[in-house]
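Observations on the three-dimensional arrangement
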Amino acid sequence: MTNQPVRRLPVHRLPVHRLPVRRMVALLGAAVLVVSLVVPSLAGAGPLPPLGQLLSPGSGIWRTPAEATAAQPEEIQAGVLDTTGTIGFEPDGATHITAGTDSDLFRLTGYVHARQRLFQMDLARRRGSGELSEILGAAALESDRFELDLGLRRAAERDWAALGADDPARVALTAYAEGVNTAIDAMVDDRRLPLYITMLGYAPRQWTPVDSLVIQHVMAQTLSFSDRALTFSYPAQTLPPETFQAWFPTVLANQQYPYDPGPYRSLPLEPLPVAADPAAASTPVLATVPQTPGTAVPSPTPGVRIDSLGPLQERLAGLPAGAVSRIGNSNGWVVAGSRTASGEPLLALDPHLQMTIPSPWYPLEGRSPGYHYSGITIPGVPVPVMGKTDHFAWGMTNSQHPATLYYLQTTDPSRPDQYLWNGAWREMATHQHRIAVRGQDPAEHTVRFTAQGPVVQQQGVTAAVWWAGVLPQNSVGDVLTMLRSTTFAEFRESLRGWVAPSMTFMFAGRNGEIGAVTPGVAPQVQGHDITLPLPGDGSADVRGTIPFDALPQAADPPGGYLVSANHREVTADYPYQFSTSYNFTDLGWRGQMINESLAAAGPQTFDSAAALQMDQHDVLAKGLVPPLLKALEGAQLSDKEREVVEMLRGWDFTMDHHARPGLWFKLFYNRLTYVTFGPWWKHHEVQDDPDASLTLAPDSGSYAAEVMRGTVLAWIQHDPENRFFTPPGGPQRDATDVLQEAFHQSIAAMISKYGDDVAAWEPGLHRGVLFASLFDVPDLDVGPYPFFASDRTINTGIGALVRDGDPVRGFASAGATWRLVVDWGTGQAGTVMPGGVSEDPRSPWYATGVEQWLDGGLLPLREGDAAEQVATIRWRFTP
């Protein structure tokens, strides 16, 4: 296979923030750092062990940095193996595993994950199991309580128990745990436990298959456990229904490009349990509520105060990053051979999450008699999640349909721990937990369940949650079957049992096929809006899920390409409850740009796909600036405003760190939203939620404002006389008036904030990208670098980093965590990941890939003989 990296673009860089070893030692020795690893609050750390023994020149972890951290050739005896095997490393840490049996492939995967990422793995299994407090102290208690409520560990234990003795998933998970434990035992014996574990002074327990299933559920939580129903309950209860629907429509108001445009099948629902968590079993009836004809069972929904769910939102806002889905966006497209220069399919993919060091992914090639794949894995899980095999390339993007339902229960103070369901009072089921807490006595915690799921709020109104992520599932088995596919039909069928998170899987086959399918549970509730809180009286219980054969899917479309970038997958004609504009606030900007670019372009190549991944044209700017310039024709403008108008006439709508209009445009569209909706927002007295997700302010955004940007763009383009342009009780206005007013305000705000010299408005002088420490240690961040983008550009940059409870302003910290392009016709495959394979900041593999990511370069994805030639650092294993 030959590989040609794309041309790299020069990027001016700010210095990388790295620490001298001695200063790092002092920093890592602080208790405040230890607690800040995963917990927003920095208070409450337990005592740490003395550092003297750790710093011993003869035996401490700092004895020789090169010896302690750089990978060296090794000969390793591992009794768990069936036969010999090899793990090879390229100079940048790219990993290649060759195993003599399929089980050994998963054993060696577990071994290398543990050697490079054990602390990351241990934190993830502890977080999902509600066991962080055991090593981090009382500051992690609320996280532990919430995860015990949600039930990831309960679900993992149930799924493990359901696997048959010969189930391929059981075999893979068992072998993986054996590999992890072989590495743990060796590191304990050699006194080479990971840096952070050593500093915390605890011994990692043995790995189990259930731990891997917990981590699988943790990733599902990050991608699909949502609180948007809580957020938008505020305007839904405050605004008149027709106003709420006009501002937050079911189908987004701006241009949409669903990858499955229909026609659609309308099939009977497949059954689903009322409670996703089996622990929420129905309990005996305690008392029946007498009813007469025409008398309804009491429901909490009509009389609930708007702020009644505030305690739950505050609880969710205080959890560690990733506990609630905030950023799970991605780009993916596949192009048929009819539209490529090579005549064969092409796939391009870049999943968007927090860009952390180390990465959430571990890239590797795996070879055994039954498998051959190259792609990214999750440390702690034995199988790849995206990449390529010898027969197809695949990737995933997050789906829009809701998987988190909130139920408001009818309760009575005279009936503690009881709730009304289906006309009868029932007692809540309970589970008791004792949480080990470092430095203090264990904490007792009771998990309560209603018929729909675990109770997550009891203050004020009682609320329970139904989340698809804890339904019975076998995702590892699904992936193992998928990896053996040779056609799209086999690929699609392998995903029939996929439960959560719901994702759109993209497929580009060596055999010439392209396709996409969006598997995953899609709960349906009769007569209620599933994207807002539901009554828990039984009237809104889950009735089933959309059948797999009726879910969004497409194969070999006439247009020759399919695009999935988190935009709505189906049209308004889809016959089932699906997404709304507000339950997943991605308005389809990136999907529109990719679709329009592919439609207008000539034959696609490896290089053109890689270049499109780096595109930073803003579709919203393309839609708003032309009508703005038209609205300003003949308007009275200041000299500075005329200068900006001339600048805009030459703008190609690129949002990069050199494009001066970009910084202005960010202020302009916030002002436009505020000028249009602000007076109405105040008129209806819409409250903000505790997480400030509804804030409508002149110079900042929010989830609500993001949806309304698409709404106002559609009005400007298609309904310039819309009644909401006129403020309540104010003078008549139209689209021209609000565009002019927003422009005047934006120029005044730019001058106030950045001065009147337009040259100083260059975004790179004020904005950057930061690759944050996964363990939330600022001095171990990489960056910042000059960078400017938005969540609407294909090369996305989102400011999602929160520290000490406050957002870090001015830096993008979420975006493409991995990029992949595969062209089956030329044999080219390239990839880049910002962040190395090692979690140890002393390692030369701690931050590899960052410069290539910034430059837009893709590194060759080497496999087989090509990998053997460069993977010169080898660990050779014998049984």
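Quantities reported herein were computed from a predicted structural model and do not represent experimental measurements.

Rules of the game
- Residues numbered from 1 in each chain as written.
- Predicted model: local features only at pLDDT ≥ 70, side-chain atom pairs only at ≥ 80, totals over all residues.
- Heavy atoms only, no water.
- Pairing = 2+ DSSP bridges.
- Helix = DSSP H or I, 4+ residues; strand = E, 2+ residues; numbered from the N terminus.
- Axes fitted to C-alpha atoms, helices over the stretch in contact; angles between N-to-C directions.
- Contact = heavy atoms within 4.5 Å.
- Buried < 20%, exposed > 50% of the residue type's maximum accessible area, 1.4 Å probe, protein only.
- 1 Å grid on protein atoms, 1.4 Å probe; cavity = no way out; pocket = protein on both sides within 12 Å on 5 of 7 lines; lining within 4 Å.
- Points joined across faces, edges and corners; volume = space filled by probe spheres on them.
- Nonpolar A, V, L, I, M, F, W, Y, C, P; charged D, E, K, R; others polar.
- pLDDT = per-residue confidence, 0-100.
- Salt bridge = Lys/Arg side-chain N within 4 Å of Asp/Glu carboxyl O.
- Polar contact = N/O pair within 3.5 Å; in protein donor to acceptor, adjacent residues only side chain to side chain.

Sheet architecture is open: eleven strands sit in the order β1-β36-β2-β3-β8-β9-β10-β11-β19-β20-β24, paired in mixed fashion. Pairing within the sheet leaves two strands with one partner each, and these edge strands are β1 (74-77) and β24 (553-555). Ignoring which end each strand starts from, the neighbouring axes of this sheet average 20° apart. Where strand β20 (residues 514-517) meets β24, three bridges bridge the pair, whose relative direction is antiparallel. The residue bridging Ala516 from the neighbouring strand is Ala554, located in β24. Against the sheet, helix α15 (residues 475-483) touches β9 (372-377), β10 (384-389), β11 (392-398) and β19 (503-509), its axis set at about 145° to β11.

Taken residue by residue, a regular strand's side chains alternate between the two faces of the sheet. Burial analysis of β11 places seven of its seven residues in the buried class, which makes it a mostly covered element. On β11, burial covers both faces: Phe392, Trp394, Met396 and Asn398 on one face and Ala393, Gly395 and Thr397 on the other are all buried. In the sheet, β10 pairs with β11 via two bridges, with the strands oriented antiparallel. Its bridge partner lying in β11, Gly387 is registered against Trp394. Taking the residues that link successive antiparallel strands as the turn, the β10-β11 hairpin has two residues. Bridging between β11 and β19 involves seven bridges; their strand directions are antiparallel. Within β19, the residue paired with Phe392 across the bridge is Gly509.

This next bit is on empty space enclosed by the protein. Within the structure shown, the criterion is met by six cavities of 30 Å³ or more. What the largest cavity holds in volume is close to 320 Å³. Elements with a contribution of two residues or more to the lining of the largest cavity: α10 (209-224), β6 (346-354), β10, β11 and α15. In terms of residues, the lining of the largest cavity owes the most to one element, α10, which gives four residues. For the lining of the largest cavity, the class distribution of residues is 18 nonpolar, seven polar and no charged. Taken as a whole, the second largest cavity encloses approximately 60 Å³ of empty space. In terms of lining, the second largest cavity is formed by Thr86, Gly88, His96, Thr98, Arg367, Gly864, Ala867, Glu868, Ala871 and Arg874. When residues of the lining of the second largest cavity are traced back to their parent elements, those giving at least two are β2 (85-89), β3 (95-99) and α25 (864-870).

If you trace the backbone, Ser103 turns up in helix α4 (residues 102-129). In this structure Ser103 touches Asp82, Val171 and Ala175, once residues within four positions along its chain are discounted.

Next up on the list: the confidence of the model for the protein chain. Per-residue confidence for the protein chain gives a mean pLDDT of 88, with 89% of residues at or over 70. Of the regions scoring below 50 in pLDDT, residues 1-67 engages in 153 contacts with residues more than four places distant in sequence or in other chains.

A full pass over the atoms with the stated rule returns 40 salt bridges. Of the charged contacts in the structure, one is a salt bridge between Arg434 and Glu444, with a shortest N-O distance of 2.6 Å. Separated by ten residues along the polypeptide, Arg434 in strand β15 (residues 429-437) and Glu444 in strand β16 (residues 440-449) bring together distant segments of the chain. For Asp549, the salt bridge is made with Arg496, and the minimal N-O distance between the two is 3.1 Å. Here Asp549 is found in the loop between β23 (544-545) and β24, whereas its partner Arg496 is found in the loop between α16 (488-494) and β19, with 53 residues between them in sequence. The partly exposed category is assigned to Arg496, whose relative accessible area is 33%. When salt bridges that share partners are traced, they join Asp122, Arg125, Arg126, Glu131, Glu134, Arg153, Glu157, Arg205 and Asp211 into one network.

Attention shifts here to the side chain of Asp104. You can see Asp104 is positioned in helix α4. On the basis of relative accessibility, which here comes to 1%, the residue Asp104 falls in the buried class. For Asp104, the side chain forms a polar contact with the main-chain nitrogen of Thr83, separated by 3.1 Å. Among the polar contacts made by the side chain of Asp104, one reaches the side chain of Arg107 at a distance of 2.7 Å. Those residues in contact with Asp104, other than ones at most four positions away along the chain, are Val80, Leu81, Asp82, Thr83 and Ala99.

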